[in-house]
Amino acid sequence: MAPPPGGLIALALSLKIPAKDIAAFYIRNGPLIFPERNRLMSFIRQTLFCGKFSDKGLREALESIFGDKIIRNSNNLLCIPSYSITEHKPYVFKYDHTNLERDNTSKMVEIALATSAAPTYFPLANLPSYNNTQFIDGGVWANNPALVGILEALDYFVGEDPKPYKAINILSLSSLSANAGNRPNLKRHRAFVDWRDELFETSMNGQSFFTDFFLKKISKFSETDIIYNRIPSCPMSKNQEKIIKTG
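In this text, all values refer to a predicted model and were calculated from it rather than measured experimentally.

Caption draft 1: Fine view of the nonpolar core. Residues Leu11, Leu62, Phe66, Phe93, Ile111 and Leu127 are the most contacted members of the largest nonpolar core, which totals 35 residues. Every element with two or more residues in this core is listed here: helix H1 (6-14), helix H2 (19-33), helix H4 (56-66), strand S2 (89-94), helix H5 (108-116) and strand S3 (125-127). Of all the elements, H5 adds the most residues to this core, at six residues. Leu62 has contacts with Leu8, Phe25, Gly67, Val109, Ala112 and Leu113, leaving out every residue within four places of it along the chain. If you look at the next biggest cluster of nonpolar residues, it comprises ten residues, including Ile168, Ile170, Ile226 and Tyr228.

Okay, structure coming up:
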């Protein structure tokens, strides 16, 4: 089972939905979003055909929590990372601010699908309101989106006059990630079937680690006062990782 996407959680929190209700949403809808299948058939489906899961259950679950809410209904600014397959570049869905007029009328259900469409897990998210542009999970480039937030702040809100703020305070929350490592002397010649989920996890964990490292360093050297706090993933054993990955 893939961990809950941060973009979906951010959208829910922006509507003032309590964190305990968001956790209950995942517990209640987990079987709908990630239905159990025969492991071999699931692997064949994910590797050769149409991805591990349909997004029908995910959409149904999202509609139950977001309804017809749009980005404008958010109670705070938002940056929700995704990646446009159509244009081959990152896209950040935002609560429109200052001179932005892009995303405020977009439905939260559609944005949540776009930021959750993990390759080989869910279908591409096709958004009619964006001229049928197709999106995938923002985790492919912003698995740790703290850098997205700090750049947005520096670009629009923090710095010399007339910007309204002089400092940045960042709280970065990690989702569960593989951290138990591997034994040495693994098989060196590895095909896709050998890598499987670890191929994606290696890339996502690597760029997440670098973002964390970068922000810790830049906060020491920047002329702008940057306070950066990171809450890392809980430590997991290899056995616990196997349980997480068997969904």
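Caption draft 2: Main features of the packing of aromatic side chains. Within the structure shown, the criterion is met by 13 aromatic pairs. When the ring of Phe34 is compared with that of Phe122, the centres are 5.9 Å apart and the planes differ by 50°; the resulting orientation is tilted. Residue Phe34 is located in the loop between H2 and helix H3 (39-48), and its partner Phe122 is located in the loop between H5 and S3; the two are separated by 88 residues in the primary sequence. Across the pair, Phe122 and Phe34 agree in class, each one buried. One aromatic cluster is present, built from ring pairs that chain together Phe34, Phe53, Tyr121 and Phe122.

Caption draft 3: Seen up close, the pairing of strand S4 (residues 133-137). Counting buried positions along S4 yields four of five residues, so the element is predominantly enclosed. The sheet contact formed by strand S1 (residues 79-84) and S4 spans three bridges and is antiparallel. Following the sheet pairing, Ser84 is matched in S4 by Phe135. Where S3 meets S4, three bridges bridge the pair, whose relative direction is antiparallel. Residue Leu127 lies in a different strand from S4, and its bridge partner there is Thr133.

Rules behind the numbers
Along each chain, residues carry numbers from 1 onward, in the same order as the chain's sequence is written. Predicted model: local features are reported for residues with pLDDT of at least 70 only, side-chain atom pairs are reported and counted for 80 or more only, and whole-chain, interface and lining totals are derived from all residues. Excluding hydrogens and water, the side-chain values take into account all heavy atoms of the structure. Take the buried Ala, Val, Leu, Ile, Met, Phe, Trp, Tyr and Cys residues and link them wherever side-chain atoms come within 4.5 Å; each set so joined is a nonpolar core. Relative accessibility decides the category of a residue: with a 1.4 Å probe and only protein chains considered, values under 20% of the type maximum give buried, values over 50% give exposed, and everything between is partly exposed. Helix and strand labels come from DSSP, where a helix needs a run of H or I of at least four residues and a strand needs a run of E of at least two; each type is numbered from the N terminus. Contacts are assigned to residue pairs with any non-hydrogen atoms lying within 4.5 Å of each other. The criterion for an aromatic pair is that two Phe, Tyr or Trp rings (for Trp, the six-membered ring) have centres within 6.5 Å, with stacked assigned to planes under 30 degrees apart, edge-to-face to planes over 60 apart and tilted to the rest. Between any two strands, at least two bridges found by DSSP are needed for them to pair.

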